[in-house]
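Residue-level structural notes
Residues per chain are reported as follows:
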Amino acid sequence: MPPQDTSAPGAPRGGHGRDLPPARQALSDSVYESVKAMVMDHEITPGARVGIEALARTLGVSPTPIREALARLESDGLVVKRPLSGYRTTELLTRQGLEELFEMRQLLEPRAAALAAVNASEAQLDGIERIAEEMHSHPGTTAGPYAAYRGFAALDQRLHDAIARASGRPLLADAVQRLHSHLHIFRLSSLLGADDPTLAEHQRVVHAILRRNPDRAAEAMAEHLAHSLQRQLGRDEES
């Protein structure tokens, strides 16, 4: 298994900017975050063509960092590149697509949580607990645009990925990470409010793992995913 990746979703992976000089990397990261925020906030509407030259003019940069940003967003599953037509933002998940995504998560993540309760090293347990604590103190738990919320979204995905890695099953962890589900879910509706029960649900999962209770960890993760789906479907019906 490769070394543990604790970076936030969207951090450079593979060849996308890994070897850039610091100043160039900072520009690349800034442009990536700006374009991603435009996609997540629907300033670029779902399914719309993404104009590289227009974005470059809007952000006051050359087309090169725009292309780099779009390559990273393609890895995130937020844009797709089609022959002869360039990049387009991905369509939002339909109700059926959302239910299928959560069906996959229910197959994978409760099992990952149970295995993490048994197999996690002390360092991994410390890491899981630390991410959960960061989520509780993060200002992004209040509603607001994606630009103000992305840190909390990144922590949420890091927590789920850290639990999956702690399972000791590399293929399972890779499958969980490849779902990239959170980015799509957060595009579907309004952001979490301060009264959202997600944090409490996460805490029950984490407590069970820390107590080395695999049955309770699997149960708590399954409950969290079921409640998350119901909340998301409810938000879609309201919108």
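Just so you know, these numbers come straight off a predicted model, no measurement behind them. Numbering of residues starts from 1 in every chain and runs along the sequence as written. Since the coordinates come from a predicted model, pLDDT governs what is reported: local features require at least 70, and pairs of side-chain atoms require 80 or more to be given and counted, while whole-chain, interface and lining totals use all residues. As a rule here, side-chain values cover all heavy atoms of the structure and leave hydrogens and water aside.

This next bit is on the confidence of the model for the protein. Residues at a pLDDT of 70 or more form 78% of the protein, whose mean pLDDT is 84. The pLDDT value expresses, per residue, how confident the predictor is, ranging between 0 and 100. By the convention used here, residues are in contact when the closest approach between their heavy atoms is within 4.5 Å. Note on residues 1–15: pLDDT is under 50 here. Beyond four places in sequence and across chains, it has 26 contacts.

Turning our eyes to something else, we now look at the side chain of Asp161. Note on placement: Asp161 falls in helix H6 (residues 146–165). When neighbours within four sequence positions are excluded, Asp161 is seen to be in contact with Val176 and Gln177. For the purposes of this entry, the term helix denotes a DSSP run of H or I that reaches at least four residues, the term strand denotes a run of E that reaches at least two, and both are numbered from the N terminus.

This paragraph deals with the pairing of strand E3 (residues 86–89). Consecutive residues of a regular strand have side chains that alternate between opposite faces of the sheet. Taken together, the 2 bridges between strand E1 (residues 49–50) and E3 define a ladder with antiparallel strand orientation. Its bridge partner being in E3, Arg49 is matched across the sheet by Arg88. Note: strand E2 (residues 79–82) against E3, 4 bridges, orientation antiparallel. In the strand pairing of E3, Arg82 is matched with Gly86. The loop that links E2 with its antiparallel partner E3 comprises 3 residues; one of these, Leu84, has a positive phi angle of about 70°. Strands pair, by our definition, only if DSSP identifies at least two bridges between them.

Moving on, we get to unusual backbone geometry. Residues other than glycine seldom take positive phi values, yet His42 does so here, at roughly 65°. Along the polypeptide, His42 turns up in the loop between helix H1 (22–40) and E1. At Leu84, a residue that is not glycine, the phi angle is positive and equals roughly 70°. Checked against the element boundaries, Leu84 lands in the loop between E2 and E3. Classification of Leu84 as exposed rests on a relative accessible area of 94%. In this scheme, a residue with accessible area under 20% of its type's maximum is buried, one over 50% is exposed, and one in between is partly exposed, where area comes from a 1.4 Å probe on protein chains only.

Glancing now at helix H2 (residues 52–59). Restricting attention to buried positions, one finds in H2 the residues Ile52, Leu55 and Ala56. Around the axis of H2, the buried residues are gathered within 100° of arc, so they sit on the same side. Opposite the buried face of H2, by more than 90 degrees, sit the exposed residues Arg57 and Thr58. Check the buried side of H2 and you find it contacts H1, E1, helix H3 (63–76) and E3. Gly60 lies just past H2 and shows a positive phi near 70°. The directions from the helix axis to the C-beta atoms form the arc being described.

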